[in-house]
Amino acid sequence: MRSEVITVQTGSRPTVRDITGEAEQFVSGRGDGLLHVFVPHATAGLAIVETGAGSDDDLLTALDELLPTDDRWRHRHGSRGHGRDHVLPAFVPPYASVPVLDGRLALGTWQSICLVDTNGDNPTRQVRFSFLPG
């Protein structure tokens, strides 16, 4: 298995960051297999969604409605409502797997691999790509 860690800057606001290009570079030329993407953080996740047509903003809006940034959370360090960031991975998991065929991601036409980060207190994230050959 081949594995590599990349660093992604997500900034100080909730964001959906498309990392499909980085994933494509990692699997390029590797043949058939499976790409596993993992975020080793307690406050971020991965989603396979359409980007650029509003779905990324819709995802953040839905997360805000489901997990508001208010004082209801028992986990209270960090900025206001930070406890919701620790609940996020239960809804947006910290992993995703994608088939790779002939060195190319087998994603649908409008699918992108996205890092979902609602935690503005941690603007730098690590993402691990692992490739298991078929």
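Everything discussed here concerns the structure shown above.
Residues numbered from 1 in each chain as written. Predicted model: local features only at pLDDT ≥ 70, side-chain atom pairs only at ≥ 80, totals over all residues. Heavy atoms only, no water.

Participant: How would you explain the environment of Ile48 if you had to name every residue and give the values?
Facilitator: Relative to the helices and strands, Ile48 resides in strand S4 (residues 44-49). Spatially, the C-alpha atoms of Ile48 and Val92 are 9.9 Å apart, while their sequence positions differ by 44 residues. If we skip the residues at most four places from it in the chain, Ile48 touches Ala96, Val98, Leu107, Gln111 and Ser112. (Helix = DSSP H or I, 4+ residues; strand = E, 2+ residues; numbered from the N terminus. Contact = heavy atoms within 4.5 Å.)

Participant: Can you tell me about helix H2 (residues 55-66), naming the residues and giving the values?
Facilitator: Relative to the 16 Å expected for 12 residues at 1.5 Å per residue, H2 spans 16 Å between its end C-alpha atoms, a close match to the ideal helical length. On its buried side, H2 packs onto strand S2 (15-18), S4, helix H3 (83-91) and strand S7 (112-117). (Expected span 1.5 Å × (residues − 1).)

Participant: Would you mind going over the sheet that holds S7 in detail, with residue names and values included?
Facilitator: Judged by pairing direction, the sheet is antiparallel, and its three strands sit side by side in the order S2-S7-S4 without closing on themselves. The strands lining the two open edges of the sheet, one partner per strand, are S2 and S4. Looking at each pair of strands side by side, their axes are set apart by 30° on average, direction ignored. (Pairing = 2+ DSSP bridges. Axes fitted to C-alpha atoms, helices over the stretch in contact; angles between N-to-C directions.)

Participant: Break down the nonpolar core for me, citing the residues and quoting the values.
Facilitator: If you look at the biggest cluster of nonpolar residues, it comprises 21 residues, and the most contacted ones within it are Ile19, Leu35, Leu105, Ile113, Val127 and Phe129. Put simply, the parts of the chain that give this core at least two residues each are strand S1 (2-9), helix H1 (20-27), strand S3 (33-38), S4, strand S5 (95-101), S7 and strand S8 (124-133). (Core = buried A, V, L, I, M, F, W, Y, C linked by side-chain atoms within 4.5 Å. Buried < 20%, exposed > 50% of the residue type's maximum accessible area, 1.4 Å probe, protein only.)

Participant: Describe H3, naming the residues involved and giving the relevant values.
Facilitator: Among all positions of H3, only Gly83, Arg84, Asp85, Leu88 and Pro89 are buried. Here the buried face of H3 lies against S4, H2 and S7.

Participant: Would you mind going over the pattern of salt bridges in detail, with residue names and values included?
Facilitator: Evaluation of the coordinates by the stated rule reveals five salt bridges. The salt bridge involving Arg84 is made with Asp64; its shortest N-O contact spans 3.0 Å. Taken as a pair, Arg84 in helix H3 and Asp64 in helix H2 lie far apart in primary sequence, 20 residues in all. Overlapping salt bridges bring together Asp64, Arg84 and Asp85 as one network. (Salt bridge = Lys/Arg side-chain N within 4 Å of Asp/Glu carboxyl O.)

Participant: How would you explain the sheet that holds S1 if you had to name every residue and give the values?
Facilitator: The five strands are arranged S1-S8-S3-S5-S6 in an open sheet whose pairing can be described as antiparallel. Edge positions in the open sheet fall to S1 and strand S6 (104-105), since each of these has one partner strand only. Where S3 lies against S8, six bridges are found, and the strand directions are antiparallel. Residue pairing across strands places Leu35 opposite Phe131, the latter belonging to S8. Sheet contacts for H1: S1, S3, S5, S6 and S8; angle to S8, the most-contacted strand, approximately 35°.

In short, the description is geometric, and any link to function would need to be established separately.
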